[in-house]
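Observations on the three-dimensional arrangement
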Amino acid sequence: RSSPSPHPITTRSSLSPHQVIFMSEEYLIPQLRQDAATALLGHLSPATCIDALQIGDSFDLPSLRMAAARYLLDHWSAISSSVVLDAGMTTRQLMAEVLRSSR
């Protein structure tokens, strides 16, 4: 049985899925936005989950927002000790944001 083929956004583009989501909004291409969100879902990591949470929230992508929030909650200790937060944001504020987004 062959493994599934990689998502085209991650293999045929020099743009990151984040950039593709921004472009899909600008050019009004909803399927492209959803494809980029799917690509982000497949690559959640401590380095990408906070951005994915914010993008899911900003671009009304509930599946991305929920998956990123769940990832953050499941990996909280590792992420909170290694993440560099925006100026002035505390880990408590980040957790509050995660919990708000996961509703």
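What follows is about the overall build of the chain. Summing up its helical and strand segments, the chain has seven helices and zero strands in all. What you see in the chain, going N to C, is helices and strands ordered as α-α-α-α-α-α-α. Burial statistics for the chain: of 103 residues in total, 29% are counted as buried. Total accessible area on the chain is roughly 6600 Å²; 54% of this is exposed by carbon and sulfur atoms.

Let us look at the nonpolar core. Nonpolar side chains in soluble globular proteins generally cluster together in the buried interior. Ranked by internal contacts, the top residues of the largest apolar core, which has 21 residues, are Ile-21, Cys-49, Leu-61, Leu-64 and Leu-72. Counting residues per element, the ones that place at least two in this core are helix H2 (17-26), helix H3 (30-41), helix H4 (49-58), helix H5 (62-74) and helix H6 (76-82). Setting aside residues no more than four positions away along its own chain, Cys-49 makes contact with Leu-44, Ala-68, Tyr-71, Leu-72 and Ile-79.

Here H3 contains twelve residues, and its C-alpha end-to-end distance of 17 Å stays within 8% of the 16 Å for a straight helix at 1.5 Å per residue. Turning to H3, its buried residues number three or more, namely Ala-36, Ala-37, Ala-39 and Leu-40. Each buried residue of H3 lies within a common arc of 160° when the element is viewed along its axis, so the set occupies one face. Of the residues in H3, the exposed ones pointing more than 90 degrees away from the buried face are Pro-30 and Gln-31.

Orientation of H3 relative to H5, taken along the N-to-C sense of each, is 15°, at an axis distance of 9 Å. By the angle between their directions, the pair H3 and H5 is classed as roughly parallel. Seen from above, H3 lies across H5 with left-handed handedness. Seen from H3, the contacting residues are Gln-34, Ala-37, Leu-40 and Leu-41; seen from H5, they are Ser-63, Leu-64 and Ala-67.

Rules of the game
Residues numbered from 1 in each chain as written. Predicted model: local features only at pLDDT ≥ 70, side-chain atom pairs only at ≥ 80, totals over all residues. Heavy atoms only, no water. Helix = DSSP H or I, 4+ residues; strand = E, 2+ residues; numbered from the N terminus. Buried < 20%, exposed > 50% of the residue type's maximum accessible area, 1.4 Å probe, protein only. Areas by Shrake-Rupley, 256 points an atom, 1.4 Å probe, with all protein chains shown as cover. Core = buried A, V, L, I, M, F, W, Y, C linked by side-chain atoms within 4.5 Å. Contact = heavy atoms within 4.5 Å. Expected span 1.5 Å × (residues − 1). Arc of directions from axis to C-beta. Axes fitted to C-alpha atoms, helices over the stretch in contact; angles between N-to-C directions. Parallel < 35°, antiparallel > 145°, perpendicular 65-115°, else oblique. Left-handed = near helix turned anticlockwise from the far one by under 90°.

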